[in-house]
Amino acid sequence: MDKPTEIIVVPHTHWDREWYEPFQRFRLRLVALLDDVFERMATDERQRFTLDGQLAAVDDYLEVRPERREQVIALVRAGRLAVGPWQILLDEFLCSGENIVRNLERGLARSGALGGAMPVGYLPDMFGHIAQMPQLLAGAGLAHACVFRGVPDRVRSHAFAWQAPDGTTIRTEYLPGGYGNAAGLMDDPRLVTRRATDLAERLRGWRSTGDDTPILAMYGTDHAAPAPDAPDRLAAAAVDGVRLRLGTLAEYFATQPTTVDGLPTVAGELRSHARANILPGVISVRAHLKQAMGRAERRVERYAEPLAALYHDPSVQRFLDMAWTRLIDASCHDSVTGCGCDETAEQVAARLAEADQLGRAVCDLVGARLAGAVPRDGYLLFNPTPAARTALVRLDVEVPADGPVGLAGADGRVAPAQVLDQARTLLADDVVPAADLPAILTRVHGTELYGQEITAWSVSPADATLTFQVARHGDPAFDVEDVRLALAAATGPDRWWVRIVAAPRMTVAALVDVPALGHAAVRPVALPPGTRAAAAVPAGSAPDGSTPVTVAGQTVDNGLLRVEVAEDGTLRLSTPDGLSVNGVGRLVDGGDVGDSYNYAPPAADELVDKPRAVRTVVVHDGPVVAVLDVIREYRWPVGADVDAGSRRVERETVTVTTRVEVRAGEPFARLRLAFDNRCDDHRVRLHLPLPTPARTSYAEGQFAVVERGLTAEGGGGEVPLPTFPASGFVAAGGADGSLAVLLTQPTEYELTESGRELAITVLRAIGMLSRNRHALRDEPAGPQLPTPQAQCRGERSVELAVLPFRGDWDSARVPAAAEAYRHELLAFPGAGDPSAGLPAPVTGLTVDGDGVTLTSVRDRDGRVELRVVATRDTAAVIGAGRRVRGAWRADLRGRPGEALPVDGEGLVRLPLRAWEIATVQLDLAS
């Protein structure tokens, strides 16, 4: 007799923490649902439940029902309730790779505290999957993945081998029909047998010959609980040759092999539209959320955590934990995506703002402590990159005298500075009645006046003058009562001349040297008359041959890159070796009658790409930095007529300012676009022509650079537009030259059909969460709800940099350029004795190696933990400013493993295979 087919039916819910309703309203429903589920489980041992693979649902519930904690622990330990391994079900493309690691790390740890995490990388509803997910899951000790969206058409079985760029392969379960493929199984007790028969027949088609392992049936859907008597209904079903039983997702995977032998292999990211919608428009909707995520992640990952870890301040760890809580929560697949209601978007924005504030607070606390050793007229500068660098810093300084100024370091070397702005010195110059003088003095708060501090004051009855002198640092002995007494003694004048005079201040830019993940101090000094800031970068003296930045008319040149502004406001970029590209920065505005999930042009679209007027303003003319403002005026349609399938005839004048910044020593141009969006239902893209037409693009994302073509695979009811996400950079071109766009946040791009341009989405303005009728998608992606705030009216901006290069992106060191672009020096004002000297520079941590990128530095129970990823087979050489007493490899959960040798110079050599994500822990001497 043939062995009966066993189907494990998994009762579960897919819980969107926040979506078309904000978090707390969804939580109210979650509590009611889980109350019912847990009450049934308390009285019926047969009940099983899988809580969506994310511990956030458990945390949200137990915060309201803390009395249920022991029951939850007992159910998890008994194997009847499956929780984890994630803290939250994220969107993998809209957060950093490090955010993904922390999400998984936290989910596993917190699930473990409740009795154990489900040992499955459950990814049921993400809008596609990153290339490195198999390595991340395996690195955390998980042997299985489970996915729905993004699987290519060539996968014809329920299991496949998913391979990361480093070669790590993990057995992956595909969910035919999605995470709710058995959702209606027990809706009607009379139909369970028939529906189970149909289900068995449908799912058997995904099993290969000889595969007699149980079949997985996902009995659940969004925000829904299983039938109260599900065990009885299932027991009553009689299906020939089929055995049905309830189980958790963990119980199902316990029946599956962990090997990938004989399975079809799928390498890299999963972004096919063949079997399900992947809803790519979420990459570009509500772009301000993506900017906020990138900004907050960068603040915490690359500034706050390294400062705290390397400069011994464990008191801030709780602040960092709170920041990560907010970053992880915001990464949810209906949160940072921006595809929820307006209230949800507001809450996500507030959460990200708090994460950024917490990161900044940690930086301020640690930085202020370090800056206590710097004279108060100087600054402490922190370098967040793991290599010593010469980088531009902008500082607000008091100058000792009129004339040239420089920034002096501890070794006495002076970097001549370029003056960017000079502050007013006469802050007040008023004649007031004597009777008003007491009111004038109420403006003084301690030593503060007009945002500065009082350094000196004088009362002159002879000419009836009251003068205050102010500066950044005042006289702590100042007492306003002394001024009152002096004025009381100065009888006679009916009217007084009140003057507030500030010490001369200016904003300057200079190139300064700062050690790797270390700090250095500088202070302003007067230079001999006639000294020019060009001396900061004498021609040909820098290793890269850079020269001072010069401006001639509408052309900027730093010896590495020449930027010319054309009549239409676009840019011509040229390099010394003859590489040239024209038309960079063409702005194209078109209609968008889609929704938060998918772009859709009107049937009769109108594109606006020619400005009505263009002018260029020179803001700074070098020699350290040059800045031009290219101001273009457009007339954009005010909205769209969705029913008519066209844009409206009314026009709105929109002025777009593109700030072009070129710094000495940098081979790329920094761009910042800003405009007041006064229009609805449209998409704005920045077009960047390529030096050579391309058939492929290369985009940096989460621990990987992914190669993509001109098309995307379709077939699942969604038109497969070739718009893709990138986080660090996107590059394309050919043998005669390429162009890279350096990024600060997740961004949508397209290599246009001809392969001649990169198009970067600057703005998508839409008014509906989902549309029931969508030209490029067969079915709704959510409820049809208005989202007026998703029109993104008001001031909008985007920052990026453009880098022309020859060769491939790796040999041209594009990742290193992107790292330098994203990570500016951080400055802290000195607070020490003004008569003291500058402290010597301090090196924190060095990471050297071709193709090696540092992604995080943190404190791990007293050790310094760092994570790196390699673009090729190579070795990283790791050192520190303090003695390295020991080094170990660790897994992604921070558990130390193999010891690494430390050589006589205190360096650790770490062999790396291409695209390996490696974690190292260092024991550093105090």
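Residues numbered from 1 in each chain as written. Predicted model: local features only at pLDDT ≥ 70, side-chain atom pairs only at ≥ 80, totals over all residues. Heavy atoms only, no water.

Let's shift gears to the overall build of the protein. The helix and strand tally for the protein stands at 14 helices and 52 strands. Viewed in the frame of its principal axes, the protein has a C-alpha envelope of about 115 × 65 × 60 Å. For the protein, buried positions account for 59% of its 926 residues. Pairs at least 24 residues apart make up 75% of the contacts formed inside the protein by residues separated by at least 6 positions. Counting 98 positive and 122 negative side-chain charges, the protein places the centres of these two groups 2 Å from one another. (Helix = DSSP H or I, 4+ residues; strand = E, 2+ residues; numbered from the N terminus. Buried < 20%, exposed > 50% of the residue type's maximum accessible area, 1.4 Å probe, protein only. Contact = heavy atoms within 4.5 Å. Lys, Arg positive; Asp, Glu negative; His and termini not counted. Charge placed at Lys NZ, Arg CZ, Asp CG, Glu CD.)

Spatially, 28-35-42-41-38 is the arrangement adopted by the five strands of the open sheet, whose pairing is antiparallel. In this open sheet, the two edge strands, each paired with only one partner strand, are strand 28 (586-591) and strand 38 (723-726). Here the strands of the sheet are splayed against their neighbours by 35 degrees on average, with no regard to which way each runs. Where strand 35 (residues 682-689) lies against strand 42 (residues 757-765), eight bridges are found, and the strand directions are antiparallel. Counted as the bridge partner of Arg 683 is Arg 764 from strand 42. (Pairing = 2+ DSSP bridges. Axes fitted to C-alpha atoms, helices over the stretch in contact; angles between N-to-C directions.)

Attention now goes to the nonpolar core. Most often, soluble globular proteins have nonpolar side chains that are buried together. Core analysis: the biggest nonpolar cluster contains 127 residues, and Leu 742, Leu 866 and Leu 922 have the highest contact counts within it. Ranked by residues supplied to this core, first place goes to helix 9 (residues 287-310) with 11 residues. With near-sequence residues (within four places) excluded, Leu 922 lies in contact with Leu 845, Arg 863, Val 864, Leu 866, Ile 878, Val 884, Gly 886, Ala 887 and Val 908. Ranked by size, the runner-up nonpolar core spans 59 residues in total, among them Leu 587, Val 624, Cys 679 and Val 762. (Core = buried A, V, L, I, M, F, W, Y, C linked by side-chain atoms within 4.5 Å.)

Attention shifts here to the packing of aromatic side chains. Inspection of the entire model under this criterion finds 14 aromatic pairs. When the centroid spacing of 5.4 Å and the interplanar angle of 75 degrees are considered together, the rings of Phe 38 and Tyr 61 count as edge-to-face. With Phe 38 in helix 1 (residues 23-43) and Tyr 61 in helix 2 (residues 56-64), this residue pair connects regions lying 23 residues apart in the sequence. A ring pair is formed by Phe 724 and Tyr 749, whose centres lie 6.1 Å apart and whose planes are at 45 degrees; its orientation type is tilted. Taken as a pair, Phe 724 in strand 38 and Tyr 749 in strand 41 (residues 747-751) lie far apart in primary sequence, 25 residues in all. The same class applies to Phe 724 as to Tyr 749, namely buried. The aromatic ring of Trp 497 is capped on one face by Arg 499, whose charged end is 5.1 Å from the ring centroid. Of note, Arg 683 hangs over the ring of Tyr 599, and the distance from its end group to the ring centre comes to 3.7 Å. (Phe/Tyr/Trp six-rings, centres within 6.5 Å; stacked < 30°, edge-to-face > 60°. Lys NZ or Arg CZ within 6 Å of the ring centre and 35° of its normal.)

For any part of a model where pLDDT is low, the fine detail of the predicted coordinates should not be relied upon. Residues at a pLDDT of 70 or more form 98% of the protein, whose mean pLDDT is 95. For the stretch residues 538-545, pLDDT sits under 50, and the model shows 10 contacts to residues farther than four places along the chain or on other chains. (pLDDT = per-residue confidence, 0-100.)

Restricting attention to buried positions, one finds in helix 3 (residues 69-77) the residues Gln 71, Val 72, Ile 73, Leu 75 and Val 76. Buried residues belonging to helix 3 abut helix 1, helix 2, strand 3 (81-82) and helix 4 (97-113). Positioned one or two residues after helix 3, Gly 79 has a phi angle of 80 degrees, which is positive.

In this section: the sheet that holds strand 51 (residues 908-912). With antiparallel pairing, three strands are arranged side by side in an open sheet as 45-48-51. Both edges of this open sheet fall to strand 45 (845-848) and strand 51, since each of them pairs with a single strand only. The sheet shows a mean angle of 20 degrees between the axes of neighbouring strands, direction not considered. When strand 45 meets strand 48 (residues 874-880), the two strands line up antiparallel, connected through four bridges. Residue pairing across strands places Leu 845 opposite Ala 880, the latter belonging to strand 48.

Scanning the model with the defined rule gives 74 salt bridges in all. Two residues, Arg 243 and Glu 6, come together in a salt bridge whose shortest N-O distance is 2.3 Å. With Arg 243 in strand 9 (residues 242-246) and Glu 6 in strand 1 (residues 5-11), this residue pair connects regions lying 237 residues apart in the sequence. In this structure, Arg 156 engages Asp 153 in a salt bridge whose closest nitrogen and oxygen atoms are separated by 2.7 Å. Connected via shared salt-bridge partners are Arg 394, Glu 661, Arg 663, Glu 666, Arg 670 and Glu 824. (Salt bridge = Lys/Arg side-chain N within 4 Å of Asp/Glu carboxyl O.)

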